[in-house]
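# Survey of secondary and tertiary structure
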Amino acid sequence: MKERVAKLLKEAEANAPAEFTALAEEWIANMEDADKTKEIAPKLREAIAAGAEAGCEFCKELKTLDHYLVKRSQWIIGGDGASYDIGYGGLDHVIASGEDVNILVLDTEVYSNTGGQASKATPLGAIAQFAAQGKRIRKKDLGMIATTYGYVYVAQIAMGADHNQTLKAIREAEAWHGPSIVIAYAPCINHGLKAKGGMGKSQAEEKKAVECGYWHLWRYNPALAEEGKNPFSLDSKEPNWENFHDFLLGEVRYLSVKKAYPNEAEELFAEAQKMAQLRYKTYIRKAAENWED
């Protein structure tokens, strides 16, 4: 639609006054910049209205499209089932398109809407439907997979752990003129939060998840790579790994495994922590890479 507006503006310029031409050219040059289009749009709308009143057929058509003069923010929102798992092919197709679209993944680590079935986002050791004895394979790292494209903005966030990092990631995703994917840790009723207040304490649960190393905060910004800088930023601080086990037992999806399969549970939880530590070490190495050469 923006390209259609640009074409009509070019056609309207032929018999338009200099002021209209200047505004049209300025808009075309900045049509992918949300802030600039907000600034230009009011004056350009007035010029288009005046042209339509004067009988310009192109301006008459432009007047019906003037709501496209401000660059729109496009966001797709889905869960982990629609992003990591059954809908992954669609998500991959979208980010591979190179289009300027943003995707927010609400990672509840299960199929929340259909009863809590395991997805590829379900972590090792957690109970879910189809993983009744605790999942035996590690969680898929969707974010790191997306970074391999190189031109996709990627971030992992947890609002309750770091409000500023959450806002920064969303702003950077919006500013990047290409595909963006922001993965948000989202406690779910299927987790069975044991803390007083249950789901009312979901942001506090996010904070605990990051502090113990269960979930990590990071950003991959291709704009930095274009400047010859390392695009990967690790925003999580060194976790307190001693609290990892206690964090797991604070949720029924893990506690149920311990009650039903006490011997296997300890092995699963130890392996879950090992996988979390491995991911964190991977992120540390990514953040330390030298891009200056």
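For the structure itself, look to the data block above.
Just so you know, these numbers come straight off a predicted model, no measurement behind them.

Right, let's get into the environment of Asp 246. When you line up the elements, Asp 246 lands in helix 11 (residues 244-249). By relative accessible area, Asp 246 is classed as exposed at 53%. For the pair formed by Asp 246 and Cys 212, sequence separation is 34 residues and the distance between their alpha carbons is 9.1 Å.

What follows deals with the sheet that holds strand 2 (residues 102-107). With mixed pairing, the six strands of this open sheet are ordered in space as 1-2-6-5-7-8. The open sheet is flanked by strand 1 (75-79) and strand 8 (232-234), the only strands paired with a single partner. Between one strand axis and the next, the sheet turns through 10 degrees on average, direction left out of account. With five bridges joining them, strand 5 (residues 153-157) and strand 6 (residues 180-185) adopt parallel strand pairing. Within strand 6, the position partnered with Tyr 153 by the bridge is Ser 180. Its contacts with the sheet place helix 13 (residues 262-288) against strand 5, strand 7 (218-220) and strand 8, and it is angled at close to 130 degrees to strand 8.

For any two helices packed against each other, the geometry comes down to the angle between their axes and how far apart the axes lie. Contact pair helix 12 (residues 252-260) / helix 13: the axes reach a minimum separation of 5 Å and the direction vectors enclose 135 degrees. By the criterion of interaxial angle, the relationship of helix 12 to helix 13 is oblique. Only Pro 262, Ala 265, Glu 266, Leu 268 and Phe 269 of helix 13 make contact with helix 12, whose side of the interface consists of Tyr 254, Val 257, Lys 258, Lys 259 and Ala 260. For the contact of helix 12 with helix 13, the per-class residue count stands at seven nonpolar, no polar and three charged.

This part is about the environment of Gly 198. Mapped onto the secondary structure, Gly 198 falls in the loop between strand 6 and helix 9 (202-211). Looking at Gly 198, the relative accessible area reads 17%, which means it is buried.

So, how was this worked out
- Residues numbered from 1 in each chain as written.
- Predicted model: local features only at pLDDT ≥ 70, side-chain atom pairs only at ≥ 80, totals over all residues.
- Heavy atoms only, no water.
- Helix = DSSP H or I, 4+ residues; strand = E, 2+ residues; numbered from the N terminus.
- Buried < 20%, exposed > 50% of the residue type's maximum accessible area, 1.4 Å probe, protein only.
- Pairing = 2+ DSSP bridges.
- Axes fitted to C-alpha atoms, helices over the stretch in contact; angles between N-to-C directions.
- Contact = heavy atoms within 4.5 Å.
- Parallel < 35°, antiparallel > 145°, perpendicular 65-115°, else oblique.
- Nonpolar A, V, L, I, M, F, W, Y, C, P; charged D, E, K, R; others polar.

Interpretation in functional terms is not warranted from these geometric data alone.
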